[in-house]
Structure formats: C-alpha cells, structure tokens
Amino acid sequence: MYIVTVFPIARNAFKDRLSYWSAHPFRPGSIITVPVRGREIAALVETVQPAQQAKTSVKNAEFMTKKIDKGDERMLVRPGCIRAAIKTATYFISPFGQTLRSLIPESILSAPLEVVKEISDKERAESTAPIKLVDDDGNDIVPEVLTFQTNDADRYSSYKSIVREEFARKRSVLMIVPTVVTADNMAAILRKGIDDYVVVLHSGLSKKKQRAEWVRAVTDEHPLLVIATPNFMSVPRRDVHTIIVEKESSRAYLAARPPFVDARAHAEYYAREIGARIIYGDSLLRVETLHRRETGEVTDLFSPSFRIENNPKTLVVDMSDSVHKATKENKNSPIMSEELESMIQYAIDKKSRIFIYSARRGLAPQTVCGDCSQTVLCDQCQAPVVLHQSKSETERFFLCHHCGKKRSAAERCVKCNSWKLITLGVGIDTVIQEIEKQFPKAKIFKIDRDSVSTDKQARMIINEFEKTPGSILVGTETTLAFLPSVPYIAVASLDSLFSLPDFRLNERICHTLLRLISSTTEYFLIQTRNPSAPILDQITRGALTDFYRKEIEMRQMLQYPPFSTFIKVTIEGKKAVISEQMERVQAMLEPWSTSVFPAFIPTIKGNSVLHLLVTVPPESWPDEGLAKTLSSLQPNFVVKVNPESLL
C-alpha cells in the first residue's frame, strides 16, 4: 500500500497538495485522476511512499485520506516542464497546480487514454533527473539566453535559417508566440519548403485538431518546427534544442487571470531545464530585456538594430492651437487637421488605401461639464464614461469600459446641473463620423472590440479592405494584429494614452507607433496636442537607442523595474473594511518597503479598490519569507509579481 501526494491541476483547487492511499505505485510526474469534493479532476503525482514509511504522518493528518484506484496514468509533459513550472509558481507566488494547469491545454488533460497513450509510452522512458550539459572537459554548460532585435523581415528570414540548421542536426525548434493570430501568421511565413514538418498549436483549433497536432508533435520521427501559444508550450517534444519567444514585448504573455504568471519567464526556466537555448525576438525588445543584454546577463544572437528600417515620410501635426480655441469657445475638439484631410483625399484619388488609428473606442473617451469642468463618471465604479452612439443612430449613451454599465447620455451635470456637456478626445466612432461628413462617397471599414468579436471577422474585413481601391480602414489597437502593409497610415490621436499615470506608458506608445510605421509604405501622419513629447521625436527620427537610454535612466532614477521587483497586492470591498485589512497586511510586511494607494479606478460596483506595492531588490526575489507571508493572505487578496501596470 502507498501514500500518494498530488498537486491538483485545477484553477480553483482548495489546497495546493492532497494525499491519497493506493495499492498502485504511481510514478512521480505522471498525471492521474483523483476525487475532490464529489468530482474527478486531473492531478500531478508529486511523491509516492510506502504506507509503512508514512504511517506517522497519516496518523497525525487532520483529514481522512481517500483511496484512489490505478486508473489511467499519463506522462503528458516532460519532467523538465514540471521542474520549470515549480520555479515559475515560486517566482509568481501562484499555486503549482494552477500554474501547471495554465501550461497544459484542457483538450489534452481530458483526452481519452488511447489518444495520449503513445505520448505516455515515450515519456516513461525519460529520466526525471535534470539534464546536465557538460563540455569536453566535464565543465557545466549553461544553456544560452539570446536576444534578436531587428525588423520583422530580417528576423523571419533568420528564423528560416535557424530551423534549417536545426533540422540538419536532427533537432526540432519550439517557437512560442503570444496570440492565435501571430501563430497563424508565423506558420504562413515559415511553412515554405517544410510544410510537412510544421505543427501549429493554439486554442483557435478544434479540440480534435489540438489533440491530433499534439500527438503528431510528440511522435513524428522527423524534426519539427512547433509553433505554439503559451498554454501549449509544454508539448513534450524531446529533441527541442532551440526555443524562440517571438514578439517578446507583447503584453499577451502576461496572464490576465489567475495564475498571474509570465509565460516568457516560464519559457526561460523550461529552456534551462531541458538544456535548450532560448532566443527572445522582436523589432523592439522590452526595456527589461535590453537592460539584461546591457549588463551581460544575456547575449546577442546577432548585433541588434536600433534603427527603424522602414522609413516612410513622417509628419507630426500639432493640434494644440485648434483644440485650445475650440475649448475656449465651448466647442468640441476638432477631429481632422487639413493635413489628414489632404492625405485621405490623395489616397482616394490614387485609388490606394489608408488606415487611420484611434486609441479609443466610442465617440469620445471623456466628457466634461463646460461650466464647472466636472468629468462625467460611471455611477457604479467612478471611472470616466465613454460616449457611444446606438447602431440605429437615434440616441447616444454613456458606456463604462471598466465595468460595462450603460446609461443614456441625455443628462445634466451631477455637480452644477448644467446641460453644457463637452466631449474631450477622439474616439473611433467620432473619426468615422467626420470622415463620412467630409468624404461621403468613401468606402469605410471599421475594426474594434465593439464591432468585431472574432479573428475570422477581422480577417474578412481586412481582406475586403485590401480588395477595395480608395478604401479607408479605421481601427483601434485590436486592428494591429491583422494590419497588412498600407501605403498611408495616420494616427487620429494618441493623447488619451499620455494621460495615463503608468510607468510603462512610453514603452507601450513606442511599440504601438513602431508597429504602425512598420506597416506604412508611403506616408505616416500623427495628430497630437503634445508634439514636443520626446517619444514622438525619437520615433520620427528612428532613434530607438535614444528611447531606450532615456527610459532606462528614468527607471533607474525612480527605482522602477528592472531596478526593482514590484509585487502588487489588491483587495476589493467596503472601504472601511479593506482599509483595516490592508493596514494589517502592511504591518505583516513591515521589514519590506511598502506603500498603499487607491486604484486608478477607485470603486467597482460600489466597492472600493486598494493596492499595496511591495518593492524588492531584484537580486532578493524570490524571498522565501516574503513569499510565505504573501501566500498566507486570504483569497480576497490578489497578488501579482511584476504586474503590467500599477493602475
């Protein structure tokens, strides 16, 4: 008889470890099915001990140990993936079972045994010991961490060469990408000549297709290029010696829901555990990654390019005078400059195409009272509401993009009872209305989260746009993943982004503008009320080195990442209650540097939201004591390590 300790692989498991007894000696690292509160869930076997050796702990246990039968025992991932997941869970203070669950797709966990039997048979043969690389003299070799920064075309050409070289050595390549769209795009680019040896894994495939491709990725004897989104990166291909993390700067790598782990960090842990080199690729890497390169922590695959290779004619249009004049006269801000109108007319006359980028959805991102300057807020969460227009165009309404509450826009100022409500900023619907007014015969396409809900819909719109001479595409950030090369691109307004008090703001704007410029073949135009912003000068000059230097100097001065590790603790509830709870937490964390502050959106559905920020020297994290304290917090606290934003 044996005592089996397992990690439940579930998002909401009530414990990180569970113990059972069984007559079967399960293999550590295998995935089995265990009963938990009346349901069967997948679990990873951690340890298996003869009951005689574990009898003391069994007697002292505060719970009844249940029995599990032999059932199905599957080896679905490599032992190196499990070890990497443990490190990832430790770094991001997330339950190990939840972390592993985010790395193994549900389609594989729930697959019938006959589907994954061949995988299990192969994986049983692999040693559970960490892989050790040594040179001819017996010295340890640490797998390389490499950076590759250059334009998309040169990067993709190099990837083709890397794949060919690895195939010649009878090795496979694992490419990790942030989104389904990127996975499909990379497959289309890299398939030529090796179509039979490319496997694509992402959630956009049917469950049946996911399982078939997963099995093929593991069992095909020929080396493969496996292109996978983060939750498929655990595919246990055993001849992988190179892992590529493409679009390294993408925010999609950071999980938006528990467990809040960064897939890029796990990929690096995984590469080390299986003895593979890892390559971070992008047209502009994250500031943190560039700093690692500068300090020698990582090295270059090729010399990085800090120039913008694509160099369209660029114009920055100062909108500040016209906006100031409109505000003074209690009028809405102007939407299009003469320069933008001329660009649109020129594109139409040449039967070409133009894309116009808008940073915000709706008609206007903000509405204020013209008499007392009070901002119109959501009455549920106090976030600024966005003005929208109904599809029938008969009425306007306010929509909160934070909590989703909607109400009629026919209202007075809550502070002074005035009817003089004035819109500020430019939303995508306002841009479209102005284009329709100035160019009534133009064919206009639109892509944003309000109008497009699937990748398929977005691709259909892009296809129609490309086939329609003289057409205009207007879109938000959602469009950028699908955007083809376009002769003329304009930014209607970026100013609403500059108003966000976020330490990653400049980096986010830089990546957005870089993506737009890289898609422009002729003319690129930016409308802004802030033409002197350094980031605009750096981008228009193509000086990415200047951007990095100024950004890293600012972060060092303020001790922002990468010079500190940020840990954000968030709680939501009644103000008096959560204030008291946060005070207790701050007292528990007294040895460390902490600060408490309200969220940028201070209330949600009547509840207040508070953040606590713990600042830790990067070389001191993970800290066992601090991690233990944070792990002990009640479930209503949300803990994020190195969050994307402090808002």
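Heads up: the structure comes first, above all this text.
Residues numbered from 1 in each chain as written. Predicted model: local features only at pLDDT ≥ 70, side-chain atom pairs only at ≥ 80, totals over all residues. Heavy atoms only, no water.

1. Observations concerning the pairing of strand β21 (residues 472-475)
Note the following rule: Three labels apply to residues, based on accessible area from a 1.4 Å probe with only protein chains included: buried if under 20% of the type maximum, exposed if over 50%, partly exposed otherwise in between. Going along the chain from the N terminus, every DSSP run of H or I of four or more residues is numbered as a helix, and every run of E of two or more is numbered as a strand. Two strands make a pair as long as DSSP finds a minimum of two bridges between them.
Burial of β21 is two-sided: the residues Ile472 and Val474 facing one way and the residues Leu473 and Gly475 facing the other way are all buried. Here strand β14 (residues 354-358) pairs with β21 via four bridges, running parallel. Bridge pairing links Phe355 to Leu473 in β21. Looking at chain direction, strand β20 (residues 444-447) and β21 are connected through four bridges and run parallel. Considered in β21, the bridge of Ile444 is made with Ile472.

2. Things to note about the sheet that holds strand β17 (residues 396-399)
Formally: Note on definitions: angles span 0 to 180 degrees between N-to-C directions of axes, and those axes are lines fitted to C-alpha atoms, for helices only across the stretch in contact.
The strand order across the open sheet built from three strands is β16-β17-β18, with neighbouring strands paired in antiparallel fashion. The open sheet terminates on both sides in strands that have one partner only, identified here as β16 (386-389) and β18 (406-408). Between one strand axis and the next, the sheet turns through 35° on average, direction left out of account. In this structure, β17 lies alongside β18, joined through three bridges in antiparallel fashion.

3. With respect to the pattern of salt bridges
For side chains bearing opposite charge, pairing can occur when the charged atoms are close. Which entries qualify depends on this criterion: Criterion for a salt bridge: a side-chain nitrogen of Lys or Arg within 4 Å of a carboxyl oxygen of Asp or Glu.
With the rule as written, the count across this model stands at 36 salt bridges. Among the salt bridges present, the one from Glu273 reaches Lys87, with a minimum N-O distance of 2.7 Å. Of this pair, Glu273 sits in helix α9 (residues 263-274) while Lys87 sits in helix α2 (residues 79-91); the two residues are 186 residues apart in sequence, bridging distant segments of the chain. A salt bridge links Glu288 to Arg555; the shortest N-O distance between them is 3.5 Å. On the criterion of sequence distance, the pair formed by Glu288 in helix α10 (residues 287-294) and Arg555 in helix α18 (residues 544-558) is long-range, its members being 267 residues apart. Within the structure, one salt-bridge network assembled from shared partners comprises Glu288, Arg504, Glu507, Glu551 and Arg555.

4. Remarks on the side chain of Glu268
Spelled out, the test is: Polar contact is defined as a pair of N or O atoms within 3.5 Å, subject to the rule that within protein one atom must be able to donate a hydrogen and the other to accept it, and that residues adjacent in sequence are counted only when both atoms are side-chain atoms. Contacts are assigned to residue pairs with any non-hydrogen atoms lying within 4.5 Å of each other.
The topology assignment puts Glu268 in helix α9. Take Glu268: its relative accessible area is 7%, and that puts it in the buried class. Within the structure, the side chain of Glu268 is placed 2.8 Å from the side chain of Arg272, a separation counted as a polar contact. Separated by 2.6 Å, the side chains of Glu268 and Tyr280 make a polar contact. In this view, Glu268 contacts Val145, Ile278, Tyr280 and Arg292; residues no more than four positions away in its chain are not counted.

5. Remarks on helix α13 (residues 428-438)
Within α13, the full set of buried residues consists of Ile428, Asp429, Thr430, Val431, Ile432, Glu434 and Ile435. On its buried face, α13 sits against α12 (338-349), β14, β16, β20, β21 and β22 (486-493).

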